[in-house]
Amino acid sequence: MESHIKHSVGGSTLHTYHPCRRTVPYRIYAVIHICGIVALMYHHVHSLIKSDKPLITSLLFIADLVLAFMWATSAAVRFNPVHRSEYPERYVAKPEEDCPKLDVFICTADPYKEPPMIVVNTALSVMAYDYPSDKISVYISDDGGSSLTLFALMEAAKFSKHWLPFCKKNNIQDRSPEVYFSSKSHSSCDEAQNLKIMYKDMKNRVEHVAESGKVEAEFITCDEFRGVFDLWTDKFTRHDHPSIIQVLQNNETEMDETNTFKMPNLIYVSREKSKVSTHHFKAGALNTLLRVSAVLTNSPVILVLDCDMYSNDPVTLVRALCYLTDPKIKSGLGFVQFPQKFQGISKNDIYACEYKRIFEINMVGFDGLMGPNFFGTGCFFNRRVFYGPPSNLILHEIDELGPNHIVDKPIKSKDVLALAHKVAGCIYEHNTNWGSKIGFRYGSLVEDYYTGLMIHGLGWRTVFCCPKRAAFYGDAPKTLFDVVNQQKRWCIGLLEMVFSKHSPVTYGIKTVGLLVGLAYCQSAFWAFWTIPLIVYGLLPQLALLHGVSVFPKTSDPWFWLHIFLFLGAYVQDLLDFVLEGSSCRKWWNDQRMWLIRGFTSFFFGYIEFILKTLDLSTNRFNITSKANDDEEQSKRYEQEIFNFGPYSSMFLLMTTAAILNLVTLVWGIYCLFTSREVLVLELMLASFAVVNCLPIYEAMILRKDDGKLPKTVCFSAGILTFAFIVSGYFFFK
Ligand SMILES: O=c1ccn([C@@H]2O[C@H](COP(=O)(O)OP(=O)(O)O[C@H]3O[C@H](CO)[C@@H](O)[C@H](O)[C@H]3O)[C@@H](O)[C@H]2O)c(=O)[nH]1
Ligand SMILES: [Mn+2]
């Protein structure tokens, strides 16, 4: 690992880094906060011993234990945050033969939730990187096994021969044609206008085919590929079909329209599927691509992308190479991760879908320890990282799959393609190390988290690269229902990690040390937030309604400890946001979503995980939809109006908590005026919740649109609140 000194910029340095200025004040504050937590724990134990209501006291104690643990994990992330800069302009000066080859993996899995035009734009944006194009190979993994996607990519290959020279000659920055042609600033020269027409034509054809659900013969313009579509026989389903590997563009033979540039490879891969073998979702798809690409091109650098993540900056590859080719660090460097950024986020990000904390703030902290975790997309790998620890290459079944194997046959040669089909077969992995010791790891719905942890566990370092101009943009879910469902899947996957043999608590702390292990715990224990959030969201409120106090009174010094710890944790969270370039409004929305998650995704994630553990349900990877076709819904999103509809039982508990807090606040204020005993902390808590819940009340009462809270949810929540209050009577008396 490098030493933590500020590097001097100069000479041929390709990258520098420097610690953040907040480090020292943060460490000092951490000591103070720890003292506060210790005091609080003492107070809890003390009150537990002499308490006449042990159940209530223990619930609060457990909630505070979880909060304290989560705070400790965030302190680990705040221990040594660093920022980096790269100097890609210096890299460009290197001779071309020094530029390593790149394999790009793009995953798609459903032509309806992930419209083929999205995949096309992502592929085109990376094919057009500022880099010798013949060194780039783009592989598309299609888990949907869809002829529509294949058709779209064929069209993309044709279009790329015009698009690439245009971008390179005119130094276009937006290399996703959709983004370029819909931006107001695009050129109006003849060449650009012709291209725009060509792009529109392609888009129409692809969308027409996607709508009709079938590739009609008259749409196929390349005779070469006509036969491929015959593979989609009547028996073909997405869960049961042979492997299909199709080289759509070949860098050995094909040139662009102007005959100046060689074209990159474009290869469509749909691995074999059968109902009787497990396919391990995205990790399985990526491992298939690892093998197929090893046979065809075996480039030392691999970029992994989700189909919606187009490249937003043509120098991104060179930026990553500033690290991956640096002789001082390259032998131990596993990957360079770019943050996930999203397009079309509403102004203040109402659903907190930017995940600023997870994808940026925390990673700046991870980077000062061992480097960022893997996010599943926007990541440049050293191919070697998939084959065991830096010092010890794990042997594999066939020589052709090794990271050091040199490919010396044309990609279209018969035996190369035959082997590629073989390694894309669904029984190929049986009795091999794939998924356990080699490649992306199997066994969790968050294959990215798992794979990242194992890479660090084996002793690799990683780098977080966060340039000013976003390197990639992806799609974020834009309705609350999609948001909580996505998070629920993550929660289940992360809980699988917590209770696995590679848990960050045991395996993690043992192999990567206390700080990194704790840092990894922060996301792994995501669903645990539900415990303190539900306890604090319901218990003190019910207590207040029954005239029982669970917190210290204002005259009690412990009162101030509660205030201090709450404010300390909250203000530091806000500071993190602002110091990493976000706004106060976005932070406010982020903390509100955190509260909402506690009652929706975290809670239901927990329940589903328990059901799965008891074998009462099975894991599913519900793909997040990237198609926004509901106009009303999009409009509400832009206006930052919450979209709760249609009916979902996930919103029941959240609505109940909202009603209960409102009732508590009203009752508390009534007590204030009738000069009964006033429970200040309880009242403050309820007011804070009510302020956060304003959009929920509005959606219950005032709104008429389709995004309002469905009546059934409101009604059931009302009954549930009543039931809570009544049972509170027995609980507190
Ligand atoms: O069986 C499957 C299921 C999914 N995917 C692909 O996986 C990607 C992610 O799916 P998405 O529905 O977009 O999930 P998200 O929750 O948005 O994805 C985040 O979370 C995933 C799991 O942690 C990571 O893999 C992703 O990179 C990360 O962006 C998409 O490209 C899919 O096409 C497959 O290839 N095969
Ligand atoms: Mn996604």
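Residues numbered from 1 in each chain as written. Chains lettered and ligands numbered in written order. Predicted model: local features only at pLDDT ≥ 70, side-chain atom pairs only at ≥ 80, totals over all residues.

- An unreviewed UniProt entry annotates the protein as Glycosyltransferase 2-like domain-containing protein originating from Microthlaspi erraticum.
- According to its UniProt record, the protein has this under Function (unreviewed entry): "Thought to be a Golgi-localized beta-glycan synthase that polymerize the backbones of noncellulosic polysaccharides (hemicelluloses) of plant cell wall."
- We quote the UniProt Subcellular location (unreviewed entry) comment for the protein here in full: "Golgi apparatus membrane". (UniProt positions renumbered as here; feature names shortened; annotations may be inferred.)

1. Points about the environment of L65
Stage number 1. If you trace the backbone, L65 turns up in helix α2 (residues 54–77).
Stage number 2. Linking L65 and L40, residues 25 residues apart in sequence, is a C-alpha distance of 9.8 Å. (Helix = DSSP H or I, 4+ residues; strand = E, 2+ residues; numbered from the N terminus.)

2. A look at the nonpolar core
Stage number 1. Formed by 188 residues in total, the largest nonpolar core has its most connected members in F105, I106, A123 and L153.
Stage number 2. The leading source of residues in this core is helix α5 (residues 147–170), at 12 residues.
Stage number 3. Three or more residues apiece are contributed to this core by two domains, here domain 1 (89–479) and domain 2 (528–732). (Core = buried A, V, L, I, M, F, W, Y, C linked by C-beta atoms within 7 Å. Buried ≥ 20, exposed ≤ 12 C-beta atoms within 10 Å, placed from the backbone. Domains from an automatic or database assignment.)

3. Concerning the UniProt feature "transmembrane region" (unreviewed entry) in the protein
Stage number 1. The sites that carry the UniProt feature "transmembrane region" (unreviewed entry) are, in the present numbering, residues 26–43, 55–77, 512–539, 559–582, 594–611, 650–672, 679–697 and 709–732.
Stage number 2. Summarising residues 55–77: 100% helix, 0% strand, and an end-to-end C-alpha distance of 34 Å.
Stage number 3. What you have in residues 650–672 is 91% helix and 0% strand, and the ends, taken at the C-alpha atoms, are 35 Å apart.

4. Focus: the pairing of strand β13 (residues 472–475)
Stage number 1. In β13, alternate side chains face the same way, and those of F472 and G474 on one face and Y473 and D475 on the other are all buried.
Stage number 2. Summarising the sheet, strand β10 (residues 342–343) and β13 pair through two bridges and their orientation is parallel. Considered in β13, the bridge of F342 is made with G474. (Pairing = 2+ DSSP bridges.)

5. Examining the sheet that holds strand β4 (residues 136–142)
Stage number 1. Strand order in the open sheet formed by eight strands is β5-β6-β4-β3-β7-β11-β9-β12, with mixed pairing between adjacent strands. In this open sheet, the two strands that pair with only one neighbour each are β5 (244–249) and β12 (461–464). Looking at each pair of strands side by side, their axes are set apart by 20° on average, direction ignored.
Stage number 2. Helix-sheet contacts for α5 involve β3 (102–108), β4, β5 and β6 (265–270), and the interaxial angle to β5 is about 20°. (Axes fitted to C-alpha atoms, helices over the stretch in contact; angles between N-to-C directions. Contact = placed C-beta atoms within 7 Å.)

6. So, the domain arrangement of the protein
Stage number 1. For the protein, the assigned domains read domain 1 (89–479) and domain 2 (528–732).
Stage number 2. A straight line from the C-alpha centre of domain 1 to that of domain 2 covers 40 Å.
Stage number 3. At the interface, 24 residues of domain 1 touch 24 residues of domain 2.
Stage number 4. Among the elements that make up the side of domain 1 that touches domain 2, the one with the highest residue count is helix α10 (residues 356–367) (four residues).

7. Here's the deal with helix α1 (residues 23–50)
Stage number 1. With 28 residues, α1 extends 41 Å between its outermost C-alpha atoms, agreeing within 8% with the 40 Å of an ideal straight helix rising 1.5 Å per residue.
Stage number 2. Those residues of α1 not exposed but buried are Y26, H33, I37 and L40.
Stage number 3. Residues of α1 that are buried make contact with α2 and α16 (557–579). (Expected span 1.5 Å × (residues − 1).)

8. Things to note about the UniProt feature "binding site: UDP-alpha-D-glucose" (unreviewed entry) in the protein
Stage number 1. Taken from the UniProt record, the annotation "binding site: UDP-alpha-D-glucose" (unreviewed entry) applies to K113, E114 and D143. Of the residues just listed, which span 31 residues, no C-alpha pair is farther apart than 12.4 Å, and they cluster in one region.
Stage number 2. Counting through the fold element by element, K113 comes out in the loop between β3 and α4 (116–127).
Stage number 3. Among residues more than four places away in sequence, those in contact with K113 are I623, S625, K626 and A627.
Stage number 4. Here E114 is to be found in the loop between β3 and α4.
Stage number 5. Residue classification places E114 among the buried positions, given that 27 C-beta atoms sit within 10 Å.
Stage number 6. In this structure E114 touches T108, A109, V119, C307, D308, I623 and K626, once residues within four positions along its chain are discounted.

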